[in-house]
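# Fold and contact review
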Amino acid sequence: MIIPVDRRLHPPQGLDFNGRWTCGAGASIAHLEVGIQHRSTGGTALRLPGLWTEIRESQDDFSGTYLVGYDRDKSRFLMIDADDPTSITYFTEGWSGKKLMLTSTNDKDQLALPHRIQYVVNDSRRFTVTWELLGGTDWKAEPSFMCIKIERDHRRSITMPGR
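Residues numbered from 1 in each chain as written. Predicted model: local features only at pLDDT ≥ 70, side-chain atom pairs only at ≥ 80, totals over all residues. Heavy atoms only, no water.

### Structural notes on the packing of aromatic side chains
Our working rule: Between rings of Phe, Tyr and Trp, where Trp is taken as its six-membered ring, a pair exists when centres lie within 6.5 Å; planes separated by under 30 degrees are stacked, by over 60 edge-to-face, and by other angles tilted. Put simply, DSSP H or I for four residues or longer makes a helix, DSSP E for two residues or longer makes a strand, and each gets a number counted from the N terminus. Accessibility here uses a 1.4 Å probe with only protein chains present; expressed as a share of the type maximum, an area under 20% marks a residue as buried, one over 50% as exposed, and anything in between as partly exposed.
Evaluated as defined, the whole model comprises 4 aromatic pairs. Ring geometry for F17 versus F127: centroids 5.1 Å apart, planes at 80°, classification edge-to-face. Of the two residues, F17 sits in the segment before β1 (19-25) while F127 sits in strand β9 (residues 126-135), which places them 110 residues apart along the sequence. Like F17, the residue F127 is buried in the burial classification. Relative to F77, the ring of Y70 has its centre 4.6 Å away and its plane inclined at 45°; by these criteria the two rings are tilted. According to the relative accessible area criterion, Y70 is buried, its value standing at 16%. Here the aromatic residues F17, W21, Y119 and F127 are joined through ring pairs into a cluster of three or more.

### Side note on the layout of surface pockets
Our working definition: Lining residues are defined by having an atom within 4 Å of a point belonging to a cavity or pocket. Those points lie on a 1 Å grid over the protein atoms alone, cavities being sets where a 1.4 Å probe fits but cannot get out and pockets being open sets with protein on both sides within 12 Å along at least five of seven lines. Grid points are joined across faces, edges and corners, and a volume is the space filled by probe spheres set on the points. Any residue outside Ala, Val, Leu, Ile, Met, Phe, Trp, Tyr, Cys, Pro, Asp, Glu, Lys and Arg is labelled polar, Gly included; the first ten of those are nonpolar and the last four are charged.
By volume, the largest pocket is sized at about 540 Å³. In terms of lining, the largest pocket is formed by 27 residues, of which the most central are V5, D6, R7, L51 and T53. Taken together, the elements giving at least two residues each to the lining of the largest pocket come down to β3 (52-59), β4 (62-71) and β5 (76-81). Sorting elements by how many residues they give to the lining of the largest pocket places β4 first, with 4 residues. Here the residues of the lining of the largest pocket are counted per class, giving 14 nonpolar, 6 polar and 7 charged.

### What to know about the nonpolar core
Using the following cut-off: In plain words, nonpolar cores are sets of buried Ala, Val, Leu, Ile, Met, Phe, Trp, Tyr and Cys residues tied together by side-chain atoms within 4.5 Å.
In terms of nonpolar packing, the biggest core is built from 29 residues, with M1, I2, I3, W21, F77, Y119 and F127 touching the most fellow members. Looking at this core, the elements that each hand over two or more residues are β1, β2 (28-37), β4, β5, β6 (86-91), β7 (99-104), β8 (115-123) and β9.

### A look at the pairing of β9
Along a regular strand, successive side chains alternate from one face of the sheet to the other. We apply this condition: Two strands form a pair only when DSSP identifies at least two bridges running between them.
For β8 and β9, the ladder comprises 8 bridges, and the chain directions are antiparallel. If you follow D123 over to β9, its bridge partner there is R126. Across 4 bridges, β9 lies against strand β10 (residues 138-141) in antiparallel orientation. Bridging from a neighbouring strand, L133 pairs with K140 of β10. In this structure, the hairpin formed by β9 and β10 is closed by a connection of 2 residues, where G136 is found at a positive phi of approximately 70°.

### Some points on the environment of S75
Formally: Only heavy atoms matter for contacts: two residues are in contact if any of them lie within 4.5 Å across the pair.
By secondary structure assignment, the location of S75 is in the loop between β4 and β5. Accessibility expressed as a relative area gives 23% for S75, which makes it partly exposed. Distance in space between the C-alpha atoms of S75 and G94 is 7.8 Å, their sequence separation being 19 residues. The residues touching S75, leaving out its near neighbours within four places in the chain, are Y70, Y90, F91 and T92.

### Brief notes about the environment of L113
Looking at where L113 falls in the secondary structure, it is placed in the loop between β7 and β8. Look at L113 and you get exposed, because its relative accessible area is 64%. Spatially, the C-alpha atoms of L113 and G135 are 9.9 Å apart, while their sequence positions differ by 22 residues. Setting aside its immediate chain neighbours within four residues, L113 contacts S104 and N106.

Just geometry here; none of it tells us what the structure is for.
If you want it as structure tokens, here you go:
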């Protein structure tokens, strides 16, 4: 899951995406670790200019590492799958009150189906995520889920073990 982090695009209500999160409910709970990427990730050294946010996600038998950067000139987030270098780009108009919408750009080289992700900030330690898929000409919302911060250390950065 992409986390829309950029030092120039601050979320409302004092929310800071950096830290550890649990997302979901019931049998399907994902664990996220969000921080600043300082070193290479995965088996290949990814050398990216500027600051990137690293997201480590785990859920059931799945785990993934992603790098997220924001292009302010184009109002786009770029997410790179660090384990299998592919990317997806999301357009945003920024925060509107407590809401942020990311819409996949569906460039010709992206494999993902058209989708968008809405973030709603509940308070400084909780946000709700809703995925929507494009079905014909209408957006169809998936069930929403909440992410709750379980660690408050906002300045924690991620370094991959053994690097």
